Each structure stands twice: as C-alpha cells, then as structure tokens.
Amino acid sequence: MAVNSKKIAVYVLVVFVLYVIITDPAKAADYVQIGFEGISNAARGIGDFMSWIADGAQN
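None of the values given here were measured: they were computed from a predicted structure. (Residues numbered from 1 in each chain as written. Predicted model: local features only at pLDDT ≥ 70, side-chain atom pairs only at ≥ 80, totals over all residues. Heavy atoms only, no water.)

## Focus: the overall build of the chain
Our working rule: To qualify as a helix, a DSSP run of H or I must reach at least 4 residues; to qualify as a strand, a run of E must reach at least 2; elements of each kind are numbered from the N terminus. Exposure classes here rest on a 1.4 Å probe applied to the protein chains alone. A residue is buried below 20% of its type maximum, exposed above 50%, and partly exposed in between. Values of accessible area rely on a 1.4 Å probe in the Shrake-Rupley scheme; residue burial ignores everything except the protein chains shown. The charged-residue count follows a simple rule in which Lys and Arg add positive charge and Asp and Glu add negative charge, with His and chain termini not counted at all. A single reference atom marks each charge: NZ on Lys, CZ on Arg, CG on Asp, CD on Glu.
Along the chain, the regular secondary structure elements total 2 helices and 0 strands. Counting every position in the chain, which comprises 59 residues, the buried fraction comes to 3%. Of the roughly 5400 Å² of accessible surface on the chain, a fraction of 68% belongs to carbon and sulfur atoms. The distance from the centre of the 4 positive side-chain charges to the centre of the 5 negative ones in the chain is 16 Å.

This is the structure we're talking about:
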C-alpha cells in the first residue's frame, strides 16, 4: 500500500504546529495573530473591490 503524500504533508504540518505550540507558546500566538491579520486584510480588500464594483467601477 502506497502512502498518500498529502497525508504525510498534513501529518508533518500537525507535528510542526504542536512542536511550536509546546516549545514557544508566545511565538505560536504571534503566528496566529499574523494569520488572522492576513485573513482580515484579504477580506477588507475583497469588500473594497465589491464596493467599487457596486459603485459602477468608477475611480
């Protein structure tokens, strides 16, 4: 039976995340904050784009 490479990648990622959380919780919190800020900025950009489209795509 061949092992799916996607499963291996997910396993490695989970092990890395657990390692970071256990060894340095403050740094893990920083990574989570960076991730949420990125998601927030992306959502804001999409909202700005949709507002621009709704306004008739004018400058």
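## Thoughts on the environment of Ile 21
Here Ile 21 shows up in helix H1 (residues 5-23). Take Ile 21: its relative accessible area is 43%, and that puts it in the partly exposed class.

## A look at the packing of H1 against helix H2 (residues 25-54)
Note the threshold: Between the N-to-C directions of two axes lies an angle of 0 to 180 degrees, each axis being a line fitted to C-alpha atoms and, for a helix, fitted only over the stretch in contact. Each angle gets one of four labels, with under 35 degrees taken as roughly parallel, over 145 as roughly antiparallel, 65 to 115 as roughly perpendicular, and the rest as oblique. Residues count as neighbours in contact if any of their non-hydrogen atoms are within 4.5 Å of one another. Only Asp, Glu, Lys and Arg are considered charged, only Ala, Val, Leu, Ile, Met, Phe, Trp, Tyr, Cys and Pro nonpolar, and every remaining residue, Gly among them, polar.
Running from N to C, H1 and H2 cross one another at 125°; their axes reach a closest spacing of 5 Å. Overall, the two elements H1 and H2 adopt an arrangement that is oblique. Taking contact as the criterion, the partners of Val 20, Ile 21, Ile 22 and Thr 23 in H1 are, on H2, Pro 25, Ala 28 and Tyr 31. Residue classes in the contact of H1 with H2 are distributed as 6 nonpolar, 1 polar and no charged.

## Regarding the packing of aromatic side chains
Inclusion rule: Note on aromatic pairs: the rings of Phe, Tyr and Trp (six-membered ring only in Trp) are paired at centre separations within 6.5 Å, and the planes decide the class, stacked below 30 degrees, edge-to-face beyond 60, tilted for the rest.
Counting across every chain of the model gives 1 aromatic pair. Ring centres of Phe 49 and Trp 52 lie 5.9 Å apart, and the angle between their planes is 35°; this geometry places the pair in the tilted category. In this pair, Phe 49 and Trp 52 are both assigned in helix H2, 3 residues apart and thus about one turn of the helix distant.

## Remarks on a nonpolar patch on the surface
Basically, it comes down to this: Patches here are clusters of residues that have more than 30% relative accessible area and form no salt bridge, with a 9 Å joining cutoff for like charges and a 5 Å cutoff for nonpolar side chains (Val, Leu, Ile, Met, Phe, Trp, Tyr). Every case where a carboxyl oxygen of Asp or Glu lies within 4 Å of a side-chain nitrogen of Lys or Arg is listed as a salt bridge.
Residues Val 10, Leu 13, Val 14, Phe 16, Val 17, Leu 18, Tyr 19, Ile 21 and Ile 22 make up a contiguous nonpolar surface patch of about 890 Å² in total accessible area. Within the element layout of this structure, Phe 16 appears in helix H1.

Taken by themselves, the reported measurements are silent on function.
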